[in-house]
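What follows is the residue order along each chain.
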Amino acid sequence: MFGHLDTVQSGLRQVARGLEPDGLSSAEAAAAIEALCVVEKLAAGARLRLARRIDESVTGTTGEAGRARWLARQAGLTVGQAQRDLEVSDALVGLAVTDRAVRDGELSAVQAHEVVTAAGVDPAAEGALLETARRASVAELKIHARRVRSAAIDTEEKAKRAHAGRDVVSGVDVDEGV
């Protein structure tokens, strides 16, 4: 398996080193970007699926923070982004259709996060979320996922969260003088 990854990595490195953007037409550049986006999604999907297997034998520390820091260093992510990737990785185990889409390179890491966080609270919405991810923008997917998550929370829980999130700010606004 890893021999294939070495071959892919070597081939992609050759493409990147030999790339002369100024020698390409706009249409050629667009076609190259589209192809590279597929490669990027495939690679991100493989990373997401593998991440759940990382443990203290690799990171040298125990707990989620150690895993997130290790993944962040490897992938050039913030620790928060790496933590989201680990959450996606763990959640994919219970979402077979989303796992297949990630495996097939249909979703970016951001799209996968939106789908799993919403489908995790409402598994019946998984198909519709994936359809939104395939046909709409990330912004539209985030709205759809937020609606699914919101609908899955009962009214009493929403009221508790709203109450806990309330904040009163007082003082003088120097710019406005009030």
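Residues numbered from 1 in each chain as written. Predicted model: local features only at pLDDT ≥ 70, side-chain atom pairs only at ≥ 80, totals over all residues. Heavy atoms only, no water.

Draft legend 1. Geometry of a nonpolar patch on the surface. Together, Leu-12, Val-15, Leu-36 and Val-39 make up a nonpolar patch on the protein surface, roughly 290 Å² of accessible area in all. For the nonpolar patch, the secondary-structure elements that each account for two or more residues are helix 1 (2-18) and helix 2 (26-51). When you line up the elements, Leu-12 lands in helix 1. (Patch = residues over 30% accessible without salt bridge, like charges linked within 9 Å, V, L, I, M, F, W, Y side chains within 5 Å. Areas by Shrake-Rupley, 256 points an atom, 1.4 Å probe, with all protein chains shown as cover. Salt bridge = Lys/Arg side-chain N within 4 Å of Asp/Glu carboxyl O. Helix = DSSP H or I, 4+ residues; strand = E, 2+ residues; numbered from the N terminus.)

Draft legend 2. Expanded view of the nonpolar core. Core analysis: the biggest nonpolar cluster contains 20 residues, and Leu-48, Val-88, Val-102, Leu-107, Ala-112, Val-115 and Leu-129 have the highest contact counts within it. Of all elements in the fold, only helix 5 (79-92), helix 6 (96-103), helix 7 (109-119), helix 8 (126-135) and helix 9 (138-151) reach the threshold of two or more residues within this core. Excluding anything up to four places from it in sequence, Leu-107 contacts Lys-41, Thr-98, Ala-101, Val-102, Ala-112, Leu-130 and Ala-133. (Core = buried A, V, L, I, M, F, W, Y, C linked by side-chain atoms within 4.5 Å. Buried < 20%, exposed > 50% of the residue type's maximum accessible area, 1.4 Å probe, protein only. Contact = heavy atoms within 4.5 Å.)

Draft legend 3. Up close: the side chain of Ser-89. Structurally, Ser-89 can be placed in helix 5. Its relative accessible area of 0% is what places Ser-89 among the buried residues. At 2.5 Å, the side chain of Ser-89 and the backbone oxygen of Leu-48 are in polar contact. (Polar contact = N/O pair within 3.5 Å; in protein donor to acceptor, adjacent residues only side chain to side chain.)

Draft legend 4. Layout of the packing of helix 4 (residues 64-75) against helix 5. Following both chains from N to C, one finds helix 4 and helix 5 inclined at 110°, their axes separated by 8 Å at the closest point. In this view, helix 4 runs roughly perpendicular relative to helix 5, as classed from their interaxial angle. In this structure, helix 4 meets helix 5 at a crossing whose hand is right-handed. The segment helix 4 lies against helix 5, with Glu-64, Arg-67, Ala-68, Arg-69, Leu-71 and Ala-72 engaging Val-79, Ala-82, Gln-83, Asp-85, Leu-86 and Asp-90. Its residues placed into classes, the contact of helix 4 with helix 5 shows six nonpolar, one polar and five charged. (Axes fitted to C-alpha atoms, helices over the stretch in contact; angles between N-to-C directions. Parallel < 35°, antiparallel > 145°, perpendicular 65-115°, else oblique. Left-handed = near helix turned anticlockwise from the far one by under 90°. Nonpolar A, V, L, I, M, F, W, Y, C, P; charged D, E, K, R; others polar.)

Honestly, that's just the spatial picture; any functional story needs more than this.
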